[in-house]
2 protein chains.
Amino acid sequence: MKLNDGPQTGSRVTSRGNSKASQKPKPSAGERRLGDFLCFAIYSANLAFGRAYKKGLDELGLTYPQWIAIVALWEQDGQTVSELGQKMFLESNTLTPILKKLEQMGYLRRQRDPADERQVRISLTEAGRRLREKGMHMNLMASTGLKPDEFARLQQNVVALRDNLIKATAEKAK
Amino acid sequence: MKLNDGPQTGSRVTSRGNSKASQKPKPSAGERRLGDFLCFAIYSANLAFGRAYKKGLDELGLTYPQWIAIVALWEQDGQTVSELGQKMFLESNTLTPILKKLEQMGYLRRQRDPADERQVRISLTEAGRRLREKGMHMNLMASTGLKPDEFARLQQNVVALRDNLIKATAEKAK
DNA sequence: TCCGATTAGATCGTACACGATGTATATAGA
DNA sequence: TCTATATACATCGTGTACGATCTAATCGGA
């Protein structure tokens, strides 16, 4: 009977039907509904991708950002934290914990660059490279319901969108 | 001199140049690079959207998911948590804290449905609706660098992608 | 009508994102 | 050379995501 911190069941004024609160069902003229927001489409597609990848990533024992980091490091080894951050669009505050976790799992090494002790160079271990190979099969092409050319085109459109957003945001920041 | 928990500066074996670790610069034949992943394009575009919206949302004093919830509730008031969750692609474990925060800020009310005490009905307050109006101007169309028809087409493509992913994931779960 | 199963939310632990801040190292200018 | 500034990374607090689990309310079948 007691709702842990839930709203009190005492003051019961059903809020649909008897209050003016519910009188705005249709967005007037130019008002955009949630389904029309491109940002929401991207946001929810990102959630969907995360869920679609979940099973494969669980087999690897990785999270999605961890997997991205492995892929990015496999492409080029010995990157600094900020170089990796540029590829992943993340900064050290987010990246450092991810990299520490992966190091602790034995998939990479982090070592200060002797030439500039401020920088940390990151390199995959043998286990890290094996993991990358093991995850090579993960391919959701079929799940996207897209044909290869559609897939490539959408990918390019989204990349262009992202880069435009970044440029516009940087410019407005000035 | 002491790097809070950073990698030890003692064992210094620069990992580029003298170890085989760095000998894999180009992905062989069919190997996909990070830039070719549609999931990564979506992931990074989502981050970019979050950053692009940041300034406008700060003026409202909201986070992105909080804003989405306000928009969704403005479209239809008195929704249950799970109905709202279907629209936002989130479940109660994520939604409840967001809704509690918005309630605490005075933008909505949460009340158990007398007809079924398991359900919680959510309705915007007057302040919540004013906030929705205030945020009406936020429009990143220009920042996307897309013409209206391109914008609409991309939006539809991403929605279709999302829905395909959800369907495929649900089917494989069976 | 009674009790097992289901449903709706809430809670908890873990892991991102990210602004703000801290610390060590490097660089530049007087 | 000495110090002010800049740079690279790490830490911290807040707020999502999300699987697992919990509780209360409802439903269903014998």
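First things first, this report covers the structure right here in the doc. It should be emphasised that the depicted structure is a prediction, and the values quoted were computed from it without experimental measurement.

What to know about helix H1 (residues 38–60) of chain B
All names here are of chain B.
- Taking 1.5 Å of rise per residue, the 23 residues of H1 would be expected to cover 33 Å, and the 32 Å separating its terminal C-alpha atoms lies within 8% of that figure.
- The largest bend along H1 reaches roughly 50° and is located at Lys54.
- Gly61 sits one or two positions beyond H1 and adopts a positive phi of about 75°.

Overview of the interface of chain A and chain B
- Tallying the contact residues gives 86 residues for chain A and 87 residues for chain B.
- For the pair chain A and chain B, the summed buried area comes to about 8400 Å², and 60% of that belongs to carbon and sulfur atoms.
- Linking chain A with chain B are 2 salt bridges.
- Residue Glu75 of chain B pairs with Arg33 of chain A through a salt bridge whose shortest N-O separation is 3.1 Å.
- Taken together, the links from chain A to chain B amount to 16 residue pairs in polar contact (both at pLDDT 80 or more).
- Among the elements that make up the side of chain A that touches chain B, the one with the highest residue count is helix H1 (residues 38–60) of chain A (16 residues).
- In the side of chain A that touches chain B, the residues fall into 44 nonpolar, 18 polar and 24 charged.

Some details on the protein's contact with DNA strand C
- What surrounds DNA strand C is a group of 31 residues, the closest being Tyr43, Arg51, Thr96, Lys100 and Arg110 of chain B.
- Here the atoms of DNA strand C within 4 Å of the protein split so that 73% fall in sugar or phosphate, with bases taking the remainder.
- Tyr43 of chain B is positioned such that a nitrogen or oxygen atom in its side chain is 2.6 Å from a phosphate oxygen of DNA strand C.
- Measuring from a phosphate oxygen of DNA strand C, one finds a side-chain N or O atom of Ser82 of chain B at 2.8 Å.
- If you list the elements that add at least two residues to the surface near DNA strand C, you get helix H2 (64–75), helix H4 (92–104) and strand E3 (116–124) of chain A together with H1, helix H3 (81–88), helix H4 (92–104), strand E2 (108–113) and strand E3 (116–124) of chain B.
- Residues that form the surface near DNA strand C fall into these classes: 8 nonpolar, 11 polar and 12 charged.

Topic: the protein's contact with DNA strand D
- Close to DNA strand D lie 30 residues, the nearest being Arg51, Thr96, Lys100 and Arg110 of chain A together with Thr63 of chain B.
- In the interface set of DNA strand D, defined as its atoms within 4 Å of the protein, sugar plus phosphate atoms amount to 73%.
- Between Thr96 of chain A and DNA strand D, the recorded distance is 2.3 Å, taken from a side-chain N or O atom to a phosphate oxygen.
- Broken down by secondary-structure element, the contributors of at least two residues to the surface near DNA strand D are H1, helix H3 (81–88), H4, strand E2 (108–113) and E3 of chain A together with helix H2 (64–75), H4 and E3 of chain B.
- Of the residues assigned to the surface near DNA strand D, the class counts are 7 nonpolar, 11 polar and 12 charged.

Regarding the pattern of salt bridges
- Tallied over the full model, the rule gives 17 salt bridges over all chains.
- With a closest N to O distance of 2.7 Å, Asp58 of chain A and Lys54 of chain A form a salt bridge. Taken together, the residues Asp58 of chain A and Lys54 of chain A, both in helix H1 and 4 residues apart, mark about one turn of the helix.
- What makes Lys54 of chain A partly exposed here is its relative accessible area of 45%.
- Between Arg121 of chain B and Asp113 of chain B there is a salt bridge; the shortest N-O distance is 2.9 Å. Accessibility classification places Arg121 of chain B together with Asp113 of chain B in one group, the buried group.
- Each of Glu83, Asp113 and Arg121 of chain B takes part in one network of salt bridges that share partners.

Structural notes on the relation of the copies chain A and chain B
- Overlay of chain A on chain B (RMSD 0.0 Å): rotation 180°, translation along the axis 0.0 Å. Taken together, these values place the two copies in the relation of a two-fold axis. When C-alpha positions in chain A are compared against the rotation axis, the closest is assigned to Ile42 of chain A, at 3.1 Å.
- In this assembly the copies share their binding face: 99% of the residues contributing to the interface of chain A also contribute to that of chain B.

Side note on the packing of H2 of chain A against helix H5 (residues 126–134) of chain A
Residue and element names in this part refer to chain A.
- Following both chains from N to C, one finds H2 and H5 inclined at 105°, their axes separated by 10 Å at the closest point. Relative to H5, the element H2 is oriented roughly perpendicular. Between H2 and H5, the residues in contact are Trp67, Ile70, Val71 and Trp74 and Gly128, Arg129, Leu131, Arg132 and Glu133, respectively.

Overview of the sheet that holds E2 of chain A
Residue and element names in this part refer to chain A.
- An order of E1-E3-E2 is seen for the 3 strands of this open sheet, with the pairing classed as antiparallel. In the strand order of this sheet, the two ends are held by strand E1 (79–80) and E2, each with one partner.
- Sheet analysis places E2 next to E3, joined by 6 bridges and oriented antiparallel. Within E3, the position partnered with Arg112 by the bridge is Val120.

About the cut-offs
Residues numbered from 1 in each chain as written. Chains lettered and ligands numbered in written order. Predicted model: local features only at pLDDT ≥ 70, side-chain atom pairs only at ≥ 80, totals over all residues. Heavy atoms only, no water. Helix = DSSP H or I, 4+ residues; strand = E, 2+ residues; numbered from the N terminus. Expected span 1.5 Å × (residues − 1). Bend = angle between axes of the 7 residues up to and from the residue. Contact = heavy atoms within 4.5 Å. Buried area = accessible area lost by both parts, 1.4 Å probe. Salt bridge = Lys/Arg side-chain N within 4 Å of Asp/Glu carboxyl O. Polar contact = N/O pair within 3.5 Å; in protein donor to acceptor, adjacent residues only side chain to side chain. Nonpolar A, V, L, I, M, F, W, Y, C, P; charged D, E, K, R; others polar. Near = heavy atom within 4 Å. Buried < 20%, exposed > 50% of the residue type's maximum accessible area, 1.4 Å probe, protein only. Least-squares fit on C-alpha atoms with pLDDT ≥ 70 in both. Axes fitted to C-alpha atoms, helices over the stretch in contact; angles between N-to-C directions. Parallel < 35°, antiparallel > 145°, perpendicular 65-115°, else oblique. Pairing = 2+ DSSP bridges.

Function-wise, these values are silent; they only describe arrangement.
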